[in-house]
Every structure is written in C-alpha cells, then in structure tokens.
Amino acid sequence: MGTATPAAGSHPGGGHGNAGGQGLARLLDEAEIEKLTYCYAAGTDAIGRGELEVGRSLYQKCFTPNAVLEAYYPGDDPNGPPSLTSNPTAWADVANNEFTTNGYVSTQHLNSNVVINVQGNTATMSTYLSATHVVDPSGIVDLAHGTYEDIVVRTPHGWKIAKRTLRLLTYMRVQSP
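About the cut-offs
- Residues numbered from 1 in each chain as written.
- Predicted model: local features only at pLDDT ≥ 70, side-chain atom pairs only at ≥ 80, totals over all residues.
- Heavy atoms only, no water.
- Axes fitted to C-alpha atoms, helices over the stretch in contact; angles between N-to-C directions.
- Helix = DSSP H or I, 4+ residues; strand = E, 2+ residues; numbered from the N terminus.
- Left-handed = near helix turned anticlockwise from the far one by under 90°.
- Contact = heavy atoms within 4.5 Å.
- Nonpolar A, V, L, I, M, F, W, Y, C, P; charged D, E, K, R; others polar.
- Core = buried A, V, L, I, M, F, W, Y, C linked by side-chain atoms within 4.5 Å.
- Buried < 20%, exposed > 50% of the residue type's maximum accessible area, 1.4 Å probe, protein only.
- Patch = residues over 30% accessible without salt bridge, like charges linked within 9 Å, V, L, I, M, F, W, Y side chains within 5 Å.
- Areas by Shrake-Rupley, 256 points an atom, 1.4 Å probe, with all protein chains shown as cover.
- Salt bridge = Lys/Arg side-chain N within 4 Å of Asp/Glu carboxyl O.
- Arc of directions from axis to C-beta.
- Phe/Tyr/Trp six-rings, centres within 6.5 Å; stacked < 30°, edge-to-face > 60°.
- Lys NZ or Arg CZ within 6 Å of the ring centre and 35° of its normal.

Asks: Any chance you could break down the packing of helix 2 (residues 52-62) against helix 3 (residues 88-101) for me, citing the residues and the numbers?
Replies: Where helix 2 meets helix 3, the closest approach of the two axes is 9 Å, and the angle between their N-to-C directions is 145°. Viewed along their axes, helix 2 and helix 3 form a crossing whose handedness is right-handed. On helix 3, the residues that touch Leu 52, Arg 56 and Tyr 59 of helix 2 are Pro 88, Thr 89, Trp 91, Ala 92, Asp 93, Ala 95 and Asn 96. Its residues assigned to classes, the contact of helix 2 with helix 3 comprises 6 nonpolar, 2 polar and 2 charged.

Asks: Let's hear about the nonpolar core: which residues, and what values?
Replies: Counting residues in hydrophobic clusters, the biggest one holds 29 residues, and the most contacted among them are Ile 33, Leu 36, Tyr 40, Ile 47, Tyr 59, Phe 63 and Val 152. Mapped by element, the contributors of at least two residues to this core are helix 1 (17-48), helix 2, strand 1 (63-72), helix 3, strand 4 (122-136), strand 5 (140-155) and strand 6 (158-175). By residue number, the principal contributor to this core is helix 1, which donates 5 residues. Among all residues touching Tyr 40, those that are not within four sequence positions of it are Tyr 59, Cys 62, Phe 63, Leu 69, Trp 91, Tyr 148 and Arg 164.

Asks: Give me a nonpolar patch on the surface: which residues, what numbers.
Replies: A contiguous nonpolar surface patch, about 270 Å² in accessible area, is contributed by Leu 24, Leu 27 and Leu 28. Along the chain, Leu 24 falls in helix 1.

Asks: Can you break down helix 2 residue by residue, with the values?
Replies: The complete set of buried residues in helix 2 reads Leu 52, Gly 55, Arg 56, Tyr 59 and Cys 62. All buried residues of helix 2 fall inside an arc of 125° around its axis, so they share one side. Exposed side chains of helix 2 directed beyond 90 degrees from the buried face belong to Glu 53, Gln 60 and Lys 61.

Asks: Which residues make up the packing of aromatic side chains, and what values go with them?
Replies: Going through the model one piece at a time under the given rule, you end up with 5 aromatic pairs. Pairing Tyr 40 with Phe 63 gives two aromatic rings, centres 5.9 Å apart and planes at 85°, and the pair type is edge-to-face. Of this pair, Tyr 40 sits in helix 1 while Phe 63 sits in strand 1; the two residues are 23 residues apart in sequence, bridging distant segments of the chain. No difference in accessibility class separates Tyr 40 from Phe 63, as the two residues are buried. An aromatic cluster is defined as three or more aromatic residues linked by ring pairs; in this entry it consists of Tyr 40, Tyr 59, Phe 63 and Tyr 148. Above the plane of the ring of Tyr 148 lies Arg 164, whose end atom (NZ or CZ) is 3.8 Å from the centre.

Next up, the structure:
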C-alpha cells in the first residue's frame, strides 16, 4: 500500500514547507483553545446537575490558577465594573449558589461562533453563549444569551484561559402556559 502525499499547495494555511508547518501549528493551537470554551460549559453544566466538585475540577483544567472571571449583566455599564469578579475555584461556588438560589435542576450551556486570534503565546477568543437553566422540566426555564471574551495563554500544561469576561445580553424566564 502506498503512502498518500498531499497535492501541491494543499498544506494547511495554503503554504509549502515551513509556512505549511506554521499553518498546521496555528490550526492545532486554535483547536486546543476552542476546547477550553467547551470545557467551561461542561464544568458549568456539571455544577447545574449538582456535581459541584466535578465542575470545579473541570474549571481547573481550562483556567490558569490565577485566572480572572467577570460577568456583566444586561443593563450593566459595559465600561463600568463587572457585577461579579472571581477566580476559577470561587467561580464554581458562585455558579452553584446562583443555580441553587434560583432552583435550577439542570443547565445546558451551548457555545457557538467561536473566533480565535493567536499571537505567539497569547490569544483572544470570543464565543457566543446560549444557556438554558431548567427550573421545572415540564415548562419553566431561564434563558441567557451573551458573549464570552477571553484572554488565553500558552502554559507548560497547554493553553489555558487567563481571563474570561461574560457579557450577558439577555436573561429571562420562559414559562409554558
């Protein structure tokens, strides 16, 4: 059986030789960085299911130990201070308290429109959020929509989020009749 060789000009990034290697490295970095936003969603949904320590453990995998997390709620001054600021360990408690106080039995955080810009050992990532917070599975949910704005850094343990800013556009209760 022969070895497949790529056609001329088919290297990632459209280049040859070293340029293609750089393009491949960029794609691999972007793929690793994108996984961080899904890691966060999985951790948050674990907390939403009542699995606080599972969520906290997942947060440790996607954030630097000294990461800053902040949230702006609908109506907040986008140039003012955030409504919430925390570190990853405490953020798990913040989410758990929020979910428990509001009576959520589960959550589902969906991410899309992920845009990544890698500049050496740092990157930015922007992600759209659509989150469903279930109060009563038969017909009461709180819906949230917004954007995560992240600063990501390369560490000895791979890419990690160093700062995550959540800017919520909406947060509303939806109830079936």
